[in-house]
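Chains, contacts and geometry: an overview
So you can see what is in the structure, the chains are spelled out below.
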Amino acid sequence: MMSYVADFIFMPLIAFVTGLGLVLMARRVRAKIERRVGPPVLQPIYDIVKLYAKKTQISHGIMHDLSIMMLLGGFITAEIFLPVPGFDGLAGEGDLITLIYIMMVPMLGLALGVGSCANPNGSIGISRALTAMLAYDIPFIIAVTGACMAYGTTNLIEIVQIQQAGGPASWGAATMPLLAFGGLLAVHGMMGKEPFEIYIAPAEIATGPMVEMSGKYMGALFIMQCFQLYTIGVIYTTLFLGGGENWPFFLAKVFAVVFISVAVTNVYGRFKTDTMIRWMWKWPTGIALAGLALVMAN
Amino acid sequence: MSLLLRRRFFWEEIDLMSLLDILLLVAALLASGLFVLGRGSFAGWLATVVYGLMLAVLAIAGLALDSGVAFIPSAMSFEILGRNLGWRLDGLGWFFALLTVGAAFFASWYGSGEWGRKQKRMGLQHALLALNVLAMLLLLSSGDLLSLFIGWELVSWAAFAIMTQGGGPAVAAAYRYMIYALAGAMAVFAAIMLVQNVTGGLGFADLQTAISAMSTAQVWVLFILFAAGFGVKMALMPFHLWQAPAYSETPGASSAFLNAVSARMGLFALILVLVKLTGLEALGSLAIPFTFMSAKSALMWVAAITMVVPTFIALMQTDARMLLTWHGIGQGGYMLLGVLVGTSLGTAGGLMHVFNYATYQAALFLAVTAVIHRAGTSDLDELGGLITRMPWTYVTLLMGIIGLAGLPPMNGFVSKWMIYKSLLDGGQPLLLIMAFAATLGTILSVYKLIHNIFLGQLRREHQHLKEAPVSMVLPMLILAGIGFVTGFMPGLALNITDIAQRAIGGDMLPHHLGGVTLATGSLNMLWVVGVLIGAIGAGALIFYLLGNRRYEVHQFDNYAGGHFLSADIRYHFSHEFYPGLARVIGPWYRGSIVRAEQGIGILVNVAGDLWQAVFRVAYTPLYMLLVVVLGLVFTGSWGIVP
Amino acid sequence: MSDKLPVIEDQPEICRSVDAGERSVWTRVMNRFADHCRARSLFVLHYCTGCGAIELPPTITSRFDMERVGVSPMVTPRQADILLITGYLSIKTLKRVILSYEQMQSPKYVIGFGSCTINGGMYWNSYATVKRLDQYIPADLFIAGCMPRPEAVQQVLLKLMEDIDAGKANGWQDYYNNYDRYLGNQQALFGESWHTPTDVIAEAKHYGYLADGTMGRHTDLLLKRADYALDRVPEDYPERGKNERRLP
């Protein structure tokens, strides 16, 4: 029982702190590529505290507030169902498929909240975000399916164990490189980085879903970004990079996954929505399908 | 004390012979009674109470079936042409009957209050609903192929009658349905005659002997006839075009009933004939020449395509009811796919999806009907912002769409999870990917539904709307509540599907209250939902404890690039909600199936015109001659073939 | 919602009593901490209709790098802390500035950039431009010059951060406290029917920023004229739209 309590408290906390680091890394890497100094180390915390400390907090109705709760709740749940070194949490009570669908709960929550703001920019942003989700999730799902077929299980703990038993040669990235590569491209889209940041599009639709988010609402979105980067990194690590043997290795892998994405993102502009769909359904999907065919042939 | 010590339970003292008879008798009495009394204001409530009683009877029957009784026979039987025609309710039929009566219960409740009073001929609608229930019960309790066919026809005609109640476009849609249904019935009839020709009998056992006696070609013919005939009813692609207009034009409460269960009659018949009687091994061994596929995998692919294509058609709809009915077609694909996988997990998942679908689809339709009742339209381009005016309807719709999209914590997630998992364990990754893709499309589509109706700008003309009355809100909230409870504790629904699964045969799925435990990954919804609710509670704590108090502003206090918003400006982003996606998949959608149906329609028209011209205008003697020659050939070959 | 719009008759006591929380050590420590973070995380909404916009890209990018002190650009007033008005404002754009300013969340800061915002600058005798920005919205700091260099922008940002850290940048409270005066100036320019969608008085009431100058004869006009609110749809407005479709 105590271990559950520890899981429930520490796993989201670790996720949040790691996520702060990931956000900082993303901003620093971007700054370095642009030959800037970049933000100070505590910048992500300053931003979040500042937003929560705003003296006026405008809301667009109960659903707007509820969406913030769903947002945080959905991601906290996702963290509890992720296996990390030392904590398996509830990873045995719900599998990979469950996890993927739990991660859609905050998306849906955000979408509902933005919709209830009655802002056309926000609605356009959600329309694009959901379209983007349809685009990147199809290659991602193919990669996940292929990996599950190869491991013969959807139990996250077992997936990690299988890879750790055989060492790096049995990591998903080594045994099914095509799936891992297709999955990486999909993950890049999932993080909403250029050229796939169609739903943020600051100069075009004024940050889309976030347009009416202010104060602690925006602060919750900043927290969500921490969770999101961490969760995506951990899922990819679990599927293809052997999960975590111990914390330093594990965090290094998670940071590496996010680093690849943030390192390439700065050289791109923004795709149009339909360009993104076509690209996602052509290259990552094709690569992942080829990987799936290889897995099935074995 | 003596009550507790009694060994026999009360349902064992009731003669089992009579349970089904009671059910059919009550249904028949209700239907005929409502035709007479339907106009009374109490008619709807009376029907609701009777449906409640029928649910109680079904519950007793369920307990009996659960305790090991194979089926509940009926005293009713006829002798036609030397064949005994009988009815009996087994577990599979019981499962569908429960859903039928349950859906009728909620639809009737909904129609008894304010909504019904606004309808033109609500009495007739009540009576037709009861007629539909009777017809479906007859179909579900059919004991041989002939009674199956009779039930089939009754269901088709009853549904036709209720579909026409909308008037106007509803009649055209119902007519179109009838053409499809009759074609399907002809196919079924031909298949039954084929069985009769081979074995000389019409019992279910005769079908099984016929299949073992037939040549492969004959079995193929039988399979195609049955699959196509029953597939029409459950709107399997490519026989799906009738369903969306027909169901969505039906008046609200009846439409919820039809959507929830009517198309599932086709699934029932498919499960009965193809899975239970023919057996999936037999279908699997029916190989398609020159391919790797068998009849079973072909049907699975048809189910998968039925899942994906209608979902993306639904995405493009601009009418709430059309959107939902197109999703209904797509959801049918999931159920069939799950059942066809054939593992205990797949079958249970498919059957549970039937149950789940009935709960959330009925709730969704009732909610949309409530919106029509208040706002006067279900056009997704003409609504918006109703969340402040109709909050309970919003809650229902929200719970319904979470179920439809298959996200936790609603029940739709559990059954879809079981279907995904069975596909994965069954080594069908491509079908699994299609199932995932359809779910993603559903998420997009249902968000558009809720966004365009309830979120965004409230129109000036909807300023003064009120929440729907309790008689409408309560049934739909209860339906949504069932969806949540069976999502939180899927074991409750799995107990019900167990009875049906036992009747189908094959392995049973071991499960517990929270879900299933498998070697390759488990699901315990008690944990998932519990943690999700707890975490949302934590989110609420973070929201309320940190930061200053919230201050609610009105909808025009909104950033629009420095523009001043007012009630005169319509800025709700609702028309063409997914323009980027529409540019990619729009051309596929416009091109394919609808054109094909139009093509067939034109072809039939031209052929009919030609035929008419030839017959009635010019060459009468020539055709007399042709008919005579054909007749001679036919009788000649008849003499040779047997 | 706007049904909370104050009516003059039931005006509450307008002298704000000292909040009990302001005396407690915990609240003071938390406020100090919040001010510390506020000063180090500033999101800027650039209102760039004037010519000064050209000085901002160098301020943001690698030459001067605003982000190293925690200042980053934001695109909507909802998320922004600083409203940076670069250069002259025509009367038409001032309306949008006021709209955007009122949609920002307090604490919020205004920086007037260039001489035009101080005294009209080279447009001192134009009929269509605003001469003094701080008559209409409370400006915290100005950058003099035509035009100021990015160094000056940096300088003023650092000064603002200093002020925020010390709890001195309180122009936003002045807007609540003397709303009637600001509104009067705005009405002088835009006419008596001028209003924005934001209900400043209700907001001030909700968060306890009501003061002597919040309401007066100018805000009385606002209460009469503001027909933006949803609940104020005229009684005779048709209940249903013209394009209503009867459905079964």
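Preceding this paragraph is the structure being described.
Regarding helix H9 (residues 169-199) of chain B
Taking 1.5 Å as the rise per residue, H9 of chain B with 31 residues should run 45 Å; its terminal C-alpha atoms sit 45 Å apart, in good agreement. With its phi angle positive at about 75°, Gly200 of chain B sits one or two positions after the end of H9 of chain B.

Here's the deal with the packing of helix H18 (residues 344-375) of chain B against helix H19 (residues 391-405) of chain B
Describing two packed helices takes the angle between their axes plus the distance from one axis to the other. Residue and element names in this part refer to chain B. Between H18 and H19, the least distance of the axes is 9 Å, while the angle of their chain directions is 145°. At the point where H18 passes H19, the crossing takes the left-handed sense. Of the residues in H19, those in contact with Tyr360, Gln361, Ala363, Leu364, Ala367, Val368, Ala370 and Val371 of H18 are Thr393, Thr396, Leu397, Gly400, Ile401, Gly403 and Leu404. Taken together, the residues that form the contact of H18 with H19 break down as ten nonpolar, five polar and no charged.

Examining the pairing of strand S4 (residues 109-113) of chain C
All names here are of chain C. With respect to burial, S4 is a largely interior element, five of its five residues being buried. A two-sided burial pattern is seen for S4, the buried positions comprising Tyr109, Ile111 and Phe113 on one face and Val110 and Gly112 on the other. The pairing of strand S3 (residues 82-86) with S4 spans five bridges and is classified as parallel. Paired with Thr86 across the strands is Phe113, a residue of S4. In the classification by handedness, the crossover that spans S3, the intervening helix H3 (residues 91-103) and the parallel S4 is right-handed. Both S4 and strand S5 (residues 141-143) contribute to a ladder of three bridges, which runs parallel.

Here's the deal with the interface of chain A and chain C
In this assembly, 32 residues from chain A lie in contact with 31 residues from chain C. Interface area, chain A with chain C, both sides summed: about 2,600 Å², of which 55% is carbon and sulfur. When residues of chain A are sorted by the area they lose upon contact with chain C, Lys50, Lys55 and Thr56 of chain A head the list and together hold 25% of the total. The interface formed by chain A and chain C holds six salt bridges in total. Glu212 of chain A serves as the salt-bridge partner of Arg78 of chain C, at 2.8 Å between the closest nitrogen and oxygen. Counting the contacts that link chain A with chain C gives 21 residue pairs in polar contact (both at pLDDT 80 or more). When contributions to the side of chain A that touches chain C are tallied by element, the ones reaching two or more residues are helix H1 (2-33), helix H2 (43-52), strand S1 (57-59) and helix H11 (215-240) of chain A. Here the element with the most residues in the side of chain A that touches chain C is H2 of chain A; it accounts for six residues. Here the side of chain A that touches chain C is built from residues that sort into 16 nonpolar, seven polar and nine charged.

Looking at unusual backbone geometry
With an omega dihedral of 10°, the bond running from Pro408 of chain B to Pro409 of chain B counts as a cis peptide bond. Residue Pro107 of chain C is reached from Ser106 of chain C by a cis peptide bond, and omega for that bond is -5°. Positionally, Pro107 of chain C belongs in the loop between H3 and S4. Residues other than glycine seldom take positive phi values, yet Ala235 of chain B does so here, at roughly 60°. The residue Ala235 of chain B is located in the loop between helix H11 (216-233) and helix H12 (243-249) in this model. The phi torsion at Asp65 of chain C lies on the positive side, around 50°, for a residue other than glycine. Among the secondary structure elements, Asp65 of chain C is positioned in the loop between helix H2 (56-60) and strand S2 (71-73). The class of Asp65 of chain C is buried, set by a relative accessible area of 1%.

What about the interface of chain B and chain A?
Listed by partner, the interface residues are 73 residues for chain B and 78 residues for chain A. Both faces considered, chain B and chain A share a buried interface measuring about 6,200 Å² in area, 74% of it formed by carbon and sulfur atoms. It is Leu440, Trp527 and Phe543 of chain B that lose the most area in chain B upon contact with chain A, and together they represent 10% of the buried surface on that side. Connecting chain B to chain A are two salt bridges. Salt-bridge contacts for Arg550 of chain B lead to Asp65 of chain A; the nearest nitrogen and oxygen are separated by 2.2 Å. Joining chain B to chain A, the criterion identifies 24 residue pairs in polar contact (both at pLDDT 80 or more). Every element with two or more residues in the side of chain B that touches chain A is listed here: H19, helix H20 (411-425), helix H21 (429-454), strand S4 (523-524), helix H24 (525-545), strand S5 (550-552) and helix H25 (579-591) of chain B. Looking at which element gives the most residues to the side of chain B that touches chain A, the answer is H21 of chain B, with 14 residues.

Definitions and limits used
- Counting starts from 1 at the beginning of each chain's written sequence and moves along it residue by residue.
- All chains are assigned letters beginning at A, and all ligands numbers beginning at 1, according to the order in which they are written.
- Local features in this predicted model are restricted to residues of pLDDT 70 or higher, and side-chain atom pairs are both shown and tallied only at a pLDDT of 80 or more, whereas totals for entire chains, interfaces and linings draw on every residue.
- Side-chain calculation: all heavy atoms of the structure are included, whereas hydrogens and water are not.
- Put simply, DSSP marks the helices as runs of H or I at least four residues long and the strands as runs of E at least two long, and each gets a number from the N terminus on.
- The span expected for a helix works out to 1.5 Å for each residue beyond the first.
- Comment: axis = line fitted to C-alpha atoms, over the contacting stretch for helices; angle = value between 0 and 180 degrees taken between N-to-C directions.
- Should the near helix be turned counterclockwise from the far one by less than a right angle, the crossing is left-handed, whereas a clockwise turn marks it as right-handed.
- Should any heavy atoms of two residues lie within 4.5 Å, those residues are considered in contact.
- Residue classes follow a fixed rule: Ala, Val, Leu, Ile, Met, Phe, Trp, Tyr, Cys and Pro count as nonpolar, while Asp, Glu, Lys and Arg count as charged, and any other residue, Gly among them, counts as polar.
- A 1.4 Å probe rolled over the protein chains alone gives each residue an accessible area, and that area as a share of the maximum for its type sets the label: buried under 20%, exposed over 50%, partly exposed in between.
- At least two bridges found by DSSP between two strands is the condition for calling them paired.
- With the strands aimed away from the viewer, a crossover counts as right-handed if its path from the first strand over the helix to the second runs clockwise.
- Defined in terms of a 1.4 Å probe, buried area is the accessible area two parts forfeit on being brought together, summed over both.
- The term salt bridge refers to a pairing of a side-chain nitrogen on Lys or Arg with a carboxyl oxygen on Asp or Glu at a separation within 4 Å.
- Whenever two N or O atoms come within 3.5 Å, that pair is a polar contact, provided that in protein one can donate a hydrogen and the other can accept it, and provided that, for residues adjacent in sequence, both atoms are side-chain atoms.

That is the geometry; function is a separate question.
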